[in-house]
2 protein chains.
Amino acid sequence: MNDTDHLTGENRLPQGRTDELRVELGGRGYPIIVQCDAWDSVVNRVRQSLPDLTHTLVVCDEAVRQRWGNPLVEGFGETGRCDLFTVPSGEPSKSLESLGRLWDWMLASGADRRSVVIAVGGGVVGDLAGFAAATYARGIRLVQLPTTLLSMVDSSVGGKTGINLAGGKNLVGAFWQPSLVVIDTATLRTLDDRGYRGGLAEVIKYGLIEDADFFDWLEANADHLLARRDDVVARAIMTCCRIKAAVVADDERETSGRRAILNYGHTFGHAIEATAGYGVFTHGEAVAIGMAMAARLARSLGRIGDEFVARQDVLLTACGLPTRWPEADPQAMVPVMKKDKKVAHALLRFVLPTRIGHVELVACDSLPEIEAAILACR
Amino acid sequence: MNDTDHLTGENRLPQGRTDELRVELGGRGYPIIVQCDAWDSVVNRVRQSLPDLTHTLVVCDEAVRQRWGNPLVEGFGETGRCDLFTVPSGEPSKSLESLGRLWDWMLASGADRRSVVIAVGGGVVGDLAGFAAATYARGIRLVQLPTTLLSMVDSSVGGKTGINLAGGKNLVGAFWQPSLVVIDTATLRTLDDRGYRGGLAEVIKYGLIEDADFFDWLEANADHLLARRDDVVARAIMTCCRIKAAVVADDERETSGRRAILNYGHTFGHAIEATAGYGVFTHGEAVAIGMAMAARLARSLGRIGDEFVARQDVLLTACGLPTRWPEADPQAMVPVMKKDKKVAHALLRFVLPTRIGHVELVACDSLPEIEAAILACR
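The structure displayed is predicted, hence computed values, not measured ones.

On the side of chain B, 36 residues touch chain A, which itself brings 36 residues to the contact. Across the chain A to chain B interface the summed buried area is about 3300 Å²; carbon plus sulfur atoms make up 60%. Summed over the shared surface of chain A and chain B, the number is two salt bridges. A salt bridge links R113(A) to E254(B); its shortest N-O distance comes to 3.3 Å. Where chain A touches chain B, the interface holds eight residue pairs in polar contact (both at pLDDT 80 or more). Secondary-structure elements contributing two or more residues to the side of chain A that touches chain B are α3 (96-108), α4 (123-135), β7 (160-165) and β8 (168-175) of chain A. Per-element accounting of the side of chain A that touches chain B gives the leading share, seven residues, to β8(A). Broken down by class, the residue content of the side of chain A that touches chain B amounts to 17 nonpolar, nine polar and ten charged.

What follows covers the sheet that holds strand β1 (residues 18-23) of chain B. Residue and element names in this part refer to chain B. With mixed pairing, seven strands are arranged side by side in an open sheet as β1-β2-β9-β6-β5-β3-β4. Strands at the two margins of the open sheet, each flanked by one partner only, are β1 and β4 (81-87). Strand-to-strand twist in this sheet, taken as the mean axis angle between neighbours without regard to direction, amounts to 15 degrees. Relative to strand β9 (residues 180-184), strand β6 (residues 141-146) runs parallel, the two being bridged by two bridges. Pairing of Q144 across the sheet is with V181, part of β9. Where helix α8 (residues 230-250) meets the sheet, it contacts β1, β2 (30-35) and β9, and its direction lies at approximately 10 degrees from that of β1.

Turning next to the domain arrangement of chain A. Residue and element names in this part refer to chain A. Along its sequence, chain A is organised into domain 1 (5-193 + 225-236) and domain 2 (264-375). Distance between the C-alpha centres of domain 1 and domain 2: 29 Å. With six residues of domain 1 at the interface, the matching set in domain 2 holds seven residues. Together domain 1 and domain 2 conceal approximately 660 Å² of surface at their shared face, both sides included; 58% is due to carbon and sulfur atoms. Together, L150, K169 and L226 form the three largest contributors to the area buried by domain 1 at its contact with domain 2, with a combined 56%. The interface formed by domain 1 and domain 2 holds one salt bridge in total. The tally of links from domain 1 across to domain 2 stands at one residue pair in polar contact (both at pLDDT 80 or more). Looking at the side of domain 1 that touches domain 2, the element that brings in the most residues is β8, giving three residues. Residue composition of the side of domain 1 that touches domain 2, grouped by class: two nonpolar, three polar and one charged.

Residue and element names in this part refer to chain A. An ideal rise of 1.5 Å per residue puts 18 Å on 13 residues; helix α11 (residues 306-318) measures up with 18 Å between its terminal C-alpha atoms. Taken residue by residue, α11 has F308, V309, Q312, D313, L315 and L316 as its buried positions. Against α6 (193-210), α7 (212-226), α10 (283-300) and β10 (349-355) lie the buried residues of α11.

Another point: the sheet that holds strand β3 (residues 55-61) of chain A. All names here are of chain A. Reading across the sheet, the seven strands line up as β1-β2-β9-β6-β5-β3-β4 and stay open at both edges, with mixed pairing between neighbours. In this open sheet, the two strands that pair with only one neighbour each are β1 (18-23) and β4 (81-87). Averaged over all pairs of adjacent strands, the angle between their axes in this sheet comes to 15 degrees, without regard to strand direction. Relative to strand β6 (residues 141-146), strand β5 (residues 116-121) runs parallel, the two being bridged by six bridges. By the bridge assignment for β6, I118 is matched with V143. Taken strand by strand, helix α8 (residues 230-250) contacts β1, β2 (30-35) and β9 (180-184), and its axis lies near 10 degrees from that of β1.

Procedures and definitions
- Residues numbered from 1 in each chain as written.
- Chains lettered and ligands numbered in written order.
- Predicted model: local features only at pLDDT ≥ 70, side-chain atom pairs only at ≥ 80, totals over all residues.
- Heavy atoms only, no water.
- Contact = heavy atoms within 4.5 Å.
- Buried area = accessible area lost by both parts, 1.4 Å probe.
- Salt bridge = Lys/Arg side-chain N within 4 Å of Asp/Glu carboxyl O.
- Polar contact = N/O pair within 3.5 Å; in protein donor to acceptor, adjacent residues only side chain to side chain.
- Helix = DSSP H or I, 4+ residues; strand = E, 2+ residues; numbered from the N terminus.
- Nonpolar A, V, L, I, M, F, W, Y, C, P; charged D, E, K, R; others polar.
- Pairing = 2+ DSSP bridges.
- Axes fitted to C-alpha atoms, helices over the stretch in contact; angles between N-to-C directions.
- Domains from an automatic or database assignment.
- Expected span 1.5 Å × (residues − 1).
- Buried < 20%, exposed > 50% of the residue type's maximum accessible area, 1.4 Å probe, protein only.

As C-alpha cells, then:
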C-alpha cells in the first residue's frame, strides 16, 4: 500500500459528506462508508445495502443506546420489525454468559436466517454481536456501526469476531465478514478522552506497519486529531480502513502471515492487559506500551535504530498515550505471551519493524532480549 | 446422483478392506474412508492425512471411551501430545455449558492453531467437538470418527456443527468441514439395537430423497442390515455418504435449497422430538415418524400416491422403526415447526417427495393439511 492521496490539501469530508471503499473478498466483499455527522442517514444506508431487510436485531452498548441506538430502533421499526438488545459496557460482556443470553434473546425475538444483526458500539459489542451473527442459525448477516475510534479503525473491519475465556482474550470466535460497515464521526463526540486516545494508538500503528507517508501526516496533524477535528479524523479513519482492507483481502483467515502485521504491539499489549488486570489500561494504552516494547526488542535485535524508537515514542506521547508501565513484570508477562495465538509450537513470534512503514513476523526465543524490552519500558 | 454401482454382487469390503470417496469442496474438500474392522489403523490414517500432526485433542463419548477412545489416545500419544476429553452420552451434552467446559479444557491443554480435534462418538460429540474446533482460535482442524450409524451417514459428513439452546435444537453453530472422516463398521457392534435402528431411518431417507435403486436394494437387504452384516452395512454407508457428499458439494452452506432435501422428515421429526421431550424418541425414530407424516402431507397435496406411502411405511417397519405416535399433538407441534430454520418469514416449508428417489422443498401454509398429516400418524 503506497497511497498518498490522504496527503492532499483541503477537507474532503464536510458535514454530511461521505467517502467509501470496498473490502475485496469476492462473494464476501463489502463496503465501508465513512461519513461526517449524518447518523440520520444510517437506517437508509443499511436498507439500500440490504434491500430485503425486514427484521433487524440491534445489539447496542448500554452507554450509547440513548444517543445512537434508539434513533436506529425507531428508524428500522418504521418499515419492519426491529428488536433491541443492550450490552453492559466493558470487556466482561465478551463472555460465554453474554453470548448465551444474546443467542437466547435472538431466538425469543424470532430471528431467522434473513434477520440482520446491527452492532452499535465499540469492539466489545462488535465482537460479541458479530460472533452471535456468525453462529446463530450457522450464520446470519451482520452490519457494523462502530461508535469508538478503536473499533472504527480495527475491529469493525475484517471479520474477526469472538469472545473471551476466563483463561484469556479472544480465544474463541469466528471469521465472519459484515455485509456493511458505516462509520460516522459524529459518534466520536460521545466518547471520553481516554477512550478516544486509545483509538489513536491503533491509528498510529497503521502508519508504523504499512505507510510511512501516513505516519508523517499523523506527526503533522497530531494536534488536530487530539482535538477531534472532523475532517482530519475522517481522513485518518479512511486511511486506516484502506490499509486494513488491503491486508484482510490478502489474508482473510490469517493463514499467510500477512494479516499478522496488524498485531504490531499486540503480543506485548495483550500480556500487559492480562497481567495489569483487565480495565487498568484501555486496549489502546496497552498497545501503545506494547509498541514501545516491540520497538525496543526490534532495536536490540538490530532491526531498527534509535530514530524509529524516538519518533514512535514522541508521536504516541503527543497523542496522550503512555509508552511506559512502571509495574511491567517480565516473569508475569512472558507466560501470557506464550499462550498468544501467534505462538506456533511454543515458539514465540513477534511483529517487528525494520523501518517506519514496514514490519515483519519474526520468531524470537531469546528470553533475555524479550525481558530487556519489557524492562526498558518500566 | 444415479449410481447403481452399489447394486453389484459380491461383498466389496471384507475385514480390513477400505473404500474411499472425496467430498469435493475445493480447498475445503476431504476424504471419507469407510473400512471394516480396522480400528488399529485409524491413528496411522489420521497421521497420513495430516502429516504435521503433533497435538491431538480427542473428544470422546463416555460410552465408547474404553473400547474406541483409549486405543486412539495411546496410539496418538506414541509420537506426539494427545489429550482426552470425555463427554457424557446424550443430547444434554450439546449445551452451552459443555461447550464452555470444552473450550476451557482446550486452552488448558495448550491447544494452538495447529492442534487437531478428533471427535469420537455419535452426532452429539461430533457436533459439539466440531463447533469447538470451528471456533477455538477462530478455527482449528477436525477429524470425525463416528461410532454410530446415524453419525456415519449424516452428521459426520458435510460440516454442520453446533449446539442446542434451551429453546430448540441446533440453533447455533457453524459450517466447519472436517479434514478427514474415518468410518469403521466395527464400532457399530457396540451400538445398542435401538440406536442402530435409528440410523437406518436416515439410511432409508437417502433412498427416498435421491436414489430409487438404492431404495430397492434396501428393500431387498433389510434383513441383512438389521443383522448388521458388515459388508451390507458398509455398502449402505458408502452409498449414503456418496449422496450426501454430492449434495454438500452442490450447496455447502444451505443457500440454494439443494441441501435442504437432506431434511426430509426432519421438520416434523424435530417437532416430535421437542414435544415428546428429548429422549422419548431417538432422533432416527422421530425422523421415521416425521417421514411418515411428510409422506402423508405430500399425498394430501397430490404430489404422491398411496404406493409411496405404503412402501415407505413397510421398509421403515421392516427395519424396526416406528411410523406412528399415538400422542402426536398438532397444537403442540406446529408452533415448534414454525421456529424451524427452514422457515422463511413465517412461511412453513417442507421437503416433500414426488416419487421414490426425488423430493422438493415446498412452501406450505395450509394448516389443516399439516394437522391432518400429523393426526394420520397417531
